[in-house]
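# Close look at the chain arrangement
Each chain is listed here by its residues.
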Amino acid sequence: MRSAVATDPGRRRRHNEDAYVCEPPLYAIADGMGGAQAGEVASGLAAAVLSEGGGSEQGEARVASLIQEANRRVFRRSSEDAAASGMGTTMTVALVDRASGTIALGHVGDSRAYRVRGGELEQLTDDHSLVGELVRSGKLSVEEAEAHPQRSVITRAVGTEPEVDVDTFTVEAEPGDVYLLCSDGLTDMVADREILSVLAEADDLDRAARALVDAANEGGGEDNITVVLFAVDEEPVGDTATMPAVAVPEEDDEDTLSGLDPVPAVDTAVVPAEAIREHLERTQPEAAERPPRRRRNVVPLAVLVLLLFALILLAIWGLYR
Ligand code: MN
(Lines give C-alpha, C1' and ligand atoms only; values in the text may rest on other atoms or scores of the structure.)
Protein backbone atom coordinates (compact mmCIF):
# COMPACT_ATOMS: atom_id res chain seq x y z
CA MET A 1 0.00 0.00 0.00
CA ARG A 2 1.18 3.49 -0.76
CA SER A 3 -0.47 6.40 0.99
CA ALA A 4 -0.28 10.15 1.32
CA VAL A 5 -1.95 12.91 3.27
CA ALA A 6 -2.42 16.63 2.89
CA THR A 7 -4.27 18.97 5.19
CA ASP A 8 -4.72 22.72 5.14
CA PRO A 9 -6.86 25.21 7.07
CA GLY A 10 -8.01 26.76 3.78
CA ARG A 11 -8.18 30.47 3.10
CA ARG A 12 -11.00 31.55 5.40
CA ARG A 13 -10.40 29.79 8.70
CA ARG A 14 -7.74 30.30 11.29
CA HIS A 15 -8.04 26.85 12.79
CA ASN A 16 -7.91 23.46 11.20
CA GLU A 17 -10.69 21.38 12.77
CA ASP A 18 -10.04 18.39 10.52
CA ALA A 19 -8.06 15.45 11.82
CA TYR A 20 -6.80 12.37 9.99
CA VAL A 21 -5.29 8.96 10.55
CA CYS A 22 -2.91 7.44 8.03
CA GLU A 23 -1.63 4.32 9.75
CA PRO A 24 -1.81 1.49 7.21
CA PRO A 25 -3.99 -0.54 7.16
CA LEU A 26 -6.18 2.05 8.89
CA TYR A 27 -7.10 5.38 7.31
CA ALA A 28 -9.58 7.99 8.47
CA ILE A 29 -10.84 11.54 8.23
CA ALA A 30 -12.67 13.47 10.96
CA ASP A 31 -14.13 16.94 10.39
CA GLY A 32 -14.95 18.55 13.72
CA MET A 33 -17.70 21.02 14.52
CA GLY A 34 -18.55 23.09 17.56
CA GLY A 35 -18.07 26.52 19.05
CA ALA A 36 -14.71 27.99 20.03
CA GLN A 37 -12.15 25.24 19.45
CA ALA A 38 -14.54 22.40 20.32
CA GLY A 39 -14.45 21.12 16.73
CA GLU A 40 -10.73 20.52 17.00
CA VAL A 41 -11.20 18.69 20.27
CA ALA A 42 -13.95 16.49 18.81
CA SER A 43 -12.06 15.47 15.68
CA GLY A 44 -8.84 15.03 17.66
CA LEU A 45 -10.52 12.74 20.20
CA ALA A 46 -12.05 10.69 17.40
CA ALA A 47 -8.73 10.30 15.56
CA ALA A 48 -6.96 9.36 18.78
CA VAL A 49 -9.34 6.44 19.33
CA LEU A 50 -8.28 4.98 15.99
CA SER A 51 -4.61 5.22 16.84
CA GLU A 52 -4.95 3.22 20.02
CA GLY A 53 -5.12 -0.15 18.29
CA GLY A 54 -6.27 -3.22 20.18
CA GLY A 55 -9.52 -5.08 19.77
CA SER A 56 -9.94 -8.46 18.16
CA GLU A 57 -12.67 -7.60 15.67
CA GLN A 58 -12.05 -7.47 11.94
CA GLY A 59 -13.50 -5.64 8.97
CA GLU A 60 -16.76 -3.77 9.29
CA ALA A 61 -17.27 -4.85 12.91
CA ARG A 62 -13.96 -3.27 13.87
CA VAL A 63 -14.66 -0.09 11.90
CA ALA A 64 -18.10 0.22 13.51
CA SER A 65 -16.78 -0.28 17.03
CA LEU A 66 -13.99 2.25 16.52
CA ILE A 67 -16.54 4.86 15.45
CA GLN A 68 -18.86 3.89 18.33
CA GLU A 69 -15.97 4.28 20.78
CA ALA A 70 -15.15 7.68 19.27
CA ASN A 71 -18.81 8.62 19.73
CA ARG A 72 -18.76 7.66 23.42
CA ARG A 73 -15.50 9.55 23.97
CA VAL A 74 -16.63 12.78 22.27
CA PHE A 75 -20.09 12.67 23.83
CA ARG A 76 -18.66 12.13 27.32
CA ARG A 77 -16.29 15.07 26.93
CA SER A 78 -19.02 17.36 25.65
CA SER A 79 -21.26 16.37 28.59
CA GLU A 80 -18.49 17.16 31.08
CA ASP A 81 -17.51 20.49 29.63
CA ALA A 82 -20.03 23.29 29.05
CA ALA A 83 -17.81 25.01 26.48
CA ALA A 84 -17.67 21.80 24.45
CA SER A 85 -21.41 21.16 24.64
CA GLY A 86 -22.83 20.11 21.30
CA MET A 87 -19.45 19.47 19.69
CA GLY A 88 -19.20 16.63 17.23
CA THR A 89 -17.32 15.36 14.24
CA THR A 90 -17.80 13.51 11.02
CA MET A 91 -15.83 10.28 10.63
CA THR A 92 -14.96 8.25 7.57
CA VAL A 93 -12.81 5.20 8.24
CA ALA A 94 -11.23 2.64 5.91
CA LEU A 95 -9.60 -0.58 7.10
CA VAL A 96 -7.67 -2.57 4.50
CA ASP A 97 -7.47 -6.34 4.83
CA ARG A 98 -4.67 -7.43 2.53
CA ALA A 99 -5.27 -11.14 3.19
CA SER A 100 -8.78 -11.07 1.77
CA GLY A 101 -8.17 -8.15 -0.61
CA THR A 102 -11.07 -6.20 0.86
CA ILE A 103 -11.54 -2.79 2.40
CA ALA A 104 -14.09 -2.22 5.15
CA LEU A 105 -15.47 1.30 5.28
CA GLY A 106 -17.59 3.04 7.85
CA HIS A 107 -18.82 6.59 8.08
CA VAL A 108 -20.96 9.18 9.81
CA GLY A 109 -21.55 12.65 8.34
CA ASP A 110 -20.48 14.20 5.04
CA SER A 111 -16.78 13.37 4.78
CA ARG A 112 -16.53 11.15 1.72
CA ALA A 113 -14.73 8.09 0.46
CA TYR A 114 -14.06 7.78 -3.27
CA ARG A 115 -12.39 5.17 -5.43
CA VAL A 116 -10.61 5.65 -8.74
CA ARG A 117 -10.68 2.50 -10.86
CA GLY A 118 -10.35 2.19 -14.61
CA GLY A 119 -10.10 5.95 -15.05
CA GLU A 120 -13.41 6.60 -13.27
CA LEU A 121 -14.14 8.23 -9.96
CA GLU A 122 -16.81 6.59 -7.84
CA GLN A 123 -18.20 8.04 -4.63
CA LEU A 124 -18.45 5.14 -2.19
CA THR A 125 -20.23 6.89 0.68
CA ASP A 126 -23.67 8.51 0.83
CA ASP A 127 -23.46 11.87 2.61
CA HIS A 128 -25.45 12.04 5.83
CA SER A 129 -26.49 15.58 5.03
CA LEU A 130 -29.59 17.61 4.32
CA VAL A 131 -28.72 18.03 0.65
CA GLY A 132 -27.75 14.35 0.46
CA GLU A 133 -31.24 13.42 1.68
CA LEU A 134 -32.82 15.84 -0.79
CA VAL A 135 -30.78 14.44 -3.69
CA ARG A 136 -31.62 10.84 -2.77
CA SER A 137 -35.32 11.68 -2.52
CA GLY A 138 -35.22 13.36 -5.94
CA LYS A 139 -35.84 16.88 -4.60
CA LEU A 140 -32.47 18.31 -5.66
CA SER A 141 -30.11 17.54 -8.51
CA VAL A 142 -26.46 16.83 -7.76
CA GLU A 143 -25.58 20.17 -9.38
CA GLU A 144 -28.09 22.04 -7.22
CA ALA A 145 -26.74 20.29 -4.12
CA GLU A 146 -23.17 21.38 -4.91
CA ALA A 147 -24.10 25.04 -4.74
CA HIS A 148 -26.72 24.76 -2.01
CA PRO A 149 -26.37 27.26 0.86
CA GLN A 150 -27.34 24.60 3.44
CA ARG A 151 -24.94 21.97 2.18
CA SER A 152 -23.08 21.88 5.50
CA VAL A 153 -26.15 20.77 7.46
CA ILE A 154 -25.45 17.15 8.36
CA THR A 155 -27.97 14.59 9.59
CA ARG A 156 -25.63 12.51 11.75
CA ALA A 157 -22.49 13.30 13.69
CA VAL A 158 -20.13 11.47 16.00
CA GLY A 159 -20.41 12.67 19.60
CA THR A 160 -23.59 14.74 19.58
CA GLU A 161 -25.82 11.93 20.94
CA PRO A 162 -25.17 9.01 23.31
CA GLU A 163 -25.65 6.57 20.41
CA VAL A 164 -24.74 6.91 16.75
CA ASP A 165 -25.87 5.01 13.70
CA VAL A 166 -22.80 3.99 11.63
CA ASP A 167 -23.02 2.99 7.97
CA THR A 168 -20.53 0.25 7.08
CA PHE A 169 -19.82 -1.69 3.91
CA THR A 170 -17.01 -3.68 2.31
CA VAL A 171 -15.49 -3.29 -1.15
CA GLU A 172 -13.18 -5.60 -3.07
CA ALA A 173 -9.80 -4.01 -3.67
CA GLU A 174 -8.08 -4.43 -7.03
CA PRO A 175 -4.49 -3.63 -8.00
CA GLY A 176 -4.38 -0.09 -9.36
CA ASP A 177 -7.25 1.17 -7.21
CA VAL A 178 -6.73 4.56 -5.57
CA TYR A 179 -8.90 5.46 -2.58
CA LEU A 180 -9.56 9.00 -1.41
CA LEU A 181 -10.98 10.03 1.97
CA CYS A 182 -11.69 13.74 2.23
CA SER A 183 -13.47 16.41 4.21
CA ASP A 184 -16.13 18.63 2.65
CA GLY A 185 -13.57 21.42 2.33
CA LEU A 186 -12.42 19.53 -0.77
CA THR A 187 -15.73 18.40 -2.21
CA ASP A 188 -17.51 21.74 -1.72
CA MET A 189 -14.77 23.52 -3.65
CA VAL A 190 -13.75 20.97 -6.29
CA ALA A 191 -16.13 19.11 -8.59
CA ASP A 192 -15.78 15.34 -8.95
CA ARG A 193 -14.53 15.57 -12.54
CA GLU A 194 -11.76 17.91 -11.42
CA ILE A 195 -10.82 15.61 -8.53
CA LEU A 196 -10.49 12.83 -11.09
CA SER A 197 -8.35 14.87 -13.44
CA VAL A 198 -6.04 15.98 -10.61
CA LEU A 199 -5.62 12.36 -9.54
CA ALA A 200 -5.04 11.24 -13.13
CA GLU A 201 -2.41 13.91 -13.81
CA ALA A 202 -0.33 13.57 -10.64
CA ASP A 203 2.45 11.01 -10.89
CA ASP A 204 2.62 10.19 -7.22
CA LEU A 205 0.25 10.19 -4.30
CA ASP A 206 1.98 12.94 -2.32
CA ARG A 207 1.80 15.31 -5.27
CA ALA A 208 -1.81 14.28 -5.89
CA ALA A 209 -2.79 15.00 -2.29
CA ARG A 210 -1.10 18.39 -2.41
CA ALA A 211 -2.68 19.20 -5.78
CA LEU A 212 -6.17 18.43 -4.44
CA VAL A 213 -5.64 20.82 -1.53
CA ASP A 214 -4.34 23.47 -3.95
CA ALA A 215 -7.40 23.01 -6.16
CA ALA A 216 -9.70 23.50 -3.15
CA ASN A 217 -7.87 26.67 -2.18
CA GLU A 218 -8.04 27.93 -5.75
CA GLY A 219 -11.78 27.23 -5.65
CA GLY A 220 -12.15 29.49 -2.62
CA GLY A 221 -10.73 27.50 0.29
CA GLU A 222 -13.78 28.28 2.39
CA ASP A 223 -13.28 25.39 4.81
CA ASN A 224 -10.51 23.21 6.19
CA ILE A 225 -9.31 20.74 3.55
CA THR A 226 -7.99 17.27 4.31
CA VAL A 227 -7.30 14.41 1.91
CA VAL A 228 -6.01 10.92 2.63
CA LEU A 229 -5.03 8.84 -0.41
CA PHE A 230 -4.04 5.19 -0.52
CA ALA A 231 -3.33 2.96 -3.47
CA VAL A 232 -3.46 -0.79 -3.87
CA ASP A 233 -0.31 -2.06 -5.61
CA GLU A 234 0.54 -5.43 -7.00
CA GLU A 235 3.77 -5.38 -5.04
CA PRO A 236 3.95 -3.67 -1.69
CA VAL A 237 6.44 -0.81 -1.83
CA GLY A 238 5.98 0.61 1.63
CA ASP A 239 4.39 3.70 2.92
CA THR A 240 5.48 6.91 1.23
CA ALA A 241 3.56 9.29 3.46
CA THR A 242 5.72 12.25 4.36
CA MET A 243 3.33 13.64 6.93
CA PRO A 244 3.19 12.29 10.47
CA ALA A 245 0.98 9.22 10.55
CA VAL A 246 -1.54 10.80 12.87
CA ALA A 247 -2.41 14.45 13.05
CA VAL A 248 -4.79 15.66 15.65
CA PRO A 249 -5.55 19.36 15.77
CA GLU A 250 -3.30 21.29 18.11
CA GLU A 251 -4.89 21.70 21.46
CA ASP A 252 -4.27 24.41 23.97
CA ASP A 253 -2.28 23.59 27.06
CA GLU A 254 -5.54 23.19 28.88
CA ASP A 255 -7.02 19.77 28.35
CA THR A 256 -10.50 21.13 28.68
CA LEU A 257 -12.39 23.87 26.94
CA SER A 258 -13.64 25.59 30.06
CA GLY A 259 -12.92 29.28 29.91
CA LEU A 260 -13.11 29.49 26.14
CA ASP A 261 -15.87 31.58 24.67
CA PRO A 262 -18.87 29.36 24.04
CA VAL A 263 -19.32 30.71 20.53
CA PRO A 264 -21.87 28.63 18.68
CA ALA A 265 -20.77 27.07 15.42
CA VAL A 266 -22.13 28.90 12.44
CA ASP A 267 -21.09 26.50 9.74
CA THR A 268 -22.03 22.91 10.45
CA ALA A 269 -25.25 21.91 12.14
CA VAL A 270 -26.89 18.56 12.74
CA VAL A 271 -30.53 17.94 11.89
CA PRO A 272 -31.78 14.35 12.26
CA ALA A 273 -32.55 12.66 8.95
CA GLU A 274 -35.90 11.49 10.36
CA ALA A 275 -36.96 15.13 10.80
CA ILE A 276 -36.12 15.85 7.17
CA ARG A 277 -37.95 12.78 5.92
CA GLU A 278 -40.99 13.61 8.04
CA HIS A 279 -41.09 17.12 6.63
CA LEU A 280 -40.73 15.77 3.11
CA GLU A 281 -43.52 13.26 3.64
CA ARG A 282 -45.80 15.83 5.22
CA THR A 283 -45.24 18.46 2.53
CA GLN A 284 -45.38 16.05 -0.41
CA PRO A 285 -47.13 12.83 0.62
CA GLU A 286 -47.39 11.58 -2.96
CA ALA A 287 -43.73 12.16 -3.81
CA ALA A 288 -42.49 8.94 -2.27
CA GLU A 289 -44.19 6.73 -4.86
CA ARG A 290 -43.03 8.74 -7.85
CA PRO A 291 -39.66 8.40 -9.53
CA PRO A 292 -37.34 11.40 -9.11
CA ARG A 293 -38.57 14.37 -11.08
CA ARG A 294 -36.36 15.75 -13.78
CA ARG A 295 -38.11 19.00 -14.52
CA ARG A 296 -38.20 21.93 -12.17
CA ASN A 297 -41.53 22.62 -10.57
CA VAL A 298 -42.26 25.96 -8.98
CA VAL A 299 -44.60 24.82 -6.23
CA PRO A 300 -42.44 22.05 -4.72
CA LEU A 301 -39.42 24.34 -4.85
CA ALA A 302 -41.32 26.96 -2.84
CA VAL A 303 -42.25 24.27 -0.33
CA LEU A 304 -38.63 23.20 -0.22
CA VAL A 305 -37.45 26.73 0.47
CA LEU A 306 -39.92 27.00 3.38
CA LEU A 307 -38.72 23.66 4.69
CA LEU A 308 -35.12 24.79 4.53
CA PHE A 309 -35.92 27.93 6.50
CA ALA A 310 -37.66 25.80 9.11
CA LEU A 311 -34.62 23.52 9.30
CA ILE A 312 -32.22 26.44 9.68
CA LEU A 313 -34.33 27.82 12.52
CA LEU A 314 -34.39 24.37 14.10
CA ALA A 315 -30.62 24.09 13.80
CA ILE A 316 -30.02 27.55 15.28
CA TRP A 317 -32.45 26.80 18.10
CA GLY A 318 -30.65 23.52 18.78
CA LEU A 319 -27.25 25.21 18.90
CA TYR A 320 -28.38 27.92 21.28
CA ARG A 321 -30.16 25.45 23.51
MN1 MN B 1 -15.58 20.80 6.88
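### Topic: the coordination of the manganese ion
Here the manganese ion is held by Asp31 (OD), Asp184 (OD) and Asp223 (OD), and the distances to it run 2.1 to 2.2 Å. Each donor residue of the manganese ion belongs to the same chain, and together they define the spacing D-x152-D-x38-D. With Asp31 in strand S3 (residues 26-33) and Asp223 in the loop between helix H7 (205-218) and strand S12 (225-231), the pair connects residues that are 192 residues apart, well separated along the chain. Of the two residues examined, Asp31 and Asp223, each falls in the buried class.

### Side note on the sheet that holds strand S7 (residues 112-117)
Note: strands within a sheet are paired through backbone hydrogen bonds, in either parallel or antiparallel orientation. The five strands are arranged S1-S12-S11-S7-S8 in an open sheet whose pairing can be described as antiparallel. Each edge of the open sheet is held by one strand with a lone partner, namely strand S1 (2-8) and strand S8 (120-123). For this sheet the average axis-to-axis angle between neighbouring strands, irrespective of direction, equals 20°. Sitting on the sheet, helix H6 (residues 192-201) is in contact with S7, S8, strand S11 (178-182) and S12, with an inclination near 130° to S8. Most of the contacts of H7 go to S1, to which it runs at about 25°, and overall it touches S1, S11 and S12.

### Structural notes on the side chain of Thr226
With respect to the secondary-structure elements, Thr226 resides in strand S12. There is a polar contact of 2.9 Å between the side chain of Thr226 and the side chain of Asp18.

### Section: the pattern of salt bridges
Under the counting rule described, the total for this entry stands at 16 salt bridges. For the salt bridge of Glu69 with Arg73, the shortest nitrogen-to-oxygen distance reads 2.9 Å. Residue Glu69 and its partner Arg73 are located together in helix H2 (residues 59-80), separated by four residues, close to a single helical turn. Here the salt bridges do not stand alone but share partners, grouping Glu52, Glu69, Arg72 and Arg73 into one network.

### Quick notes on H2
Note that an α-helix has 3.6 residues per turn; residues three or four places apart therefore point the same way. When the terminal C-alpha atoms of H2 are compared, their 32 Å separation across 22 residues agrees well with the 32 Å that a helix rising 1.5 Å per residue should span. Residues of H2 that are buried: Arg62, Val63, Leu66, Ile67, Ala70, Asn71, Val74, Arg77 and Ser78.

### Comments concerning the pairing of S8
Note that S7 and S8 share four bridges and pair antiparallel. Across the sheet, Val116 pairs through a bridge with Leu121, a residue of S8. Counting the residues that bridge the hairpin from S7 to S8 gives two residues, and of these Gly118 lies at a positive phi of roughly 60°.

### Let's talk about the environment of His107
Within the secondary structure, His107 is located in strand S6 (residues 102-108). For the pair His107 and Met91, spaced 16 residues apart in sequence, the C-alpha separation works out to 5.4 Å. His107 has contacts with Ile67, Met91, Thr92, Thr125, Asp126, His128, Val166 and Asp167, leaving out every residue within four places of it along the chain. Within the structure, the side chain of His107 is placed 3.3 Å from the backbone oxygen of Asp126, a separation counted as a polar contact.

Rules of the game
- Within every chain, residues take consecutive numbers counted from 1 along the sequence as written.
- Where local features are concerned, this predicted model is filtered to residues with pLDDT of at least 70; where side-chain atom pairs are given and counted, the filter is 80 or more; whole-chain, interface and lining totals use all residues.
- Excluding hydrogens and water, the side-chain figures rest on all heavy atoms present in the structure.
- Distances up to 2.8 Å from the metal define which N, O and S atoms are donors, and 3.2 Å serves for Na, K and Ca; water is absent from the atom set, so sites may look incomplete.
- Going along the chain from the N terminus, every DSSP run of H or I of four or more residues is numbered as a helix, and every run of E of two or more is numbered as a strand.
- The cut-offs for exposure are 20% and 50% of the maximum accessible area for each residue type, with area from a 1.4 Å probe on protein chains only; residues under the lower value are buried, those over the upper are exposed, and the others partly exposed.
- One requirement defines pairing of two strands: DSSP has to find at least two bridges between them.
- Axis angles are defined between N-to-C directions and span 0 to 180 degrees, where every axis is a line fitted to C-alpha atoms and, for a helix, only to the segment in contact.
- Residue contacts are defined here by distance: any two heavy atoms, one from each residue, within 4.5 Å place the two residues in contact.
- Counting of polar contacts relies on pairs of N or O atoms within 3.5 Å, with two restrictions inside protein: one atom must be capable of donating a hydrogen and the other of accepting it, and residues adjacent in sequence are counted only when both atoms are side-chain atoms.
- Any carboxyl oxygen of Asp or Glu that lies within 4 Å of a side-chain nitrogen of Lys or Arg is treated as forming a salt bridge with it.
- By this rule, a helix spans an expected 1.5 Å times one less than how many residues it contains.

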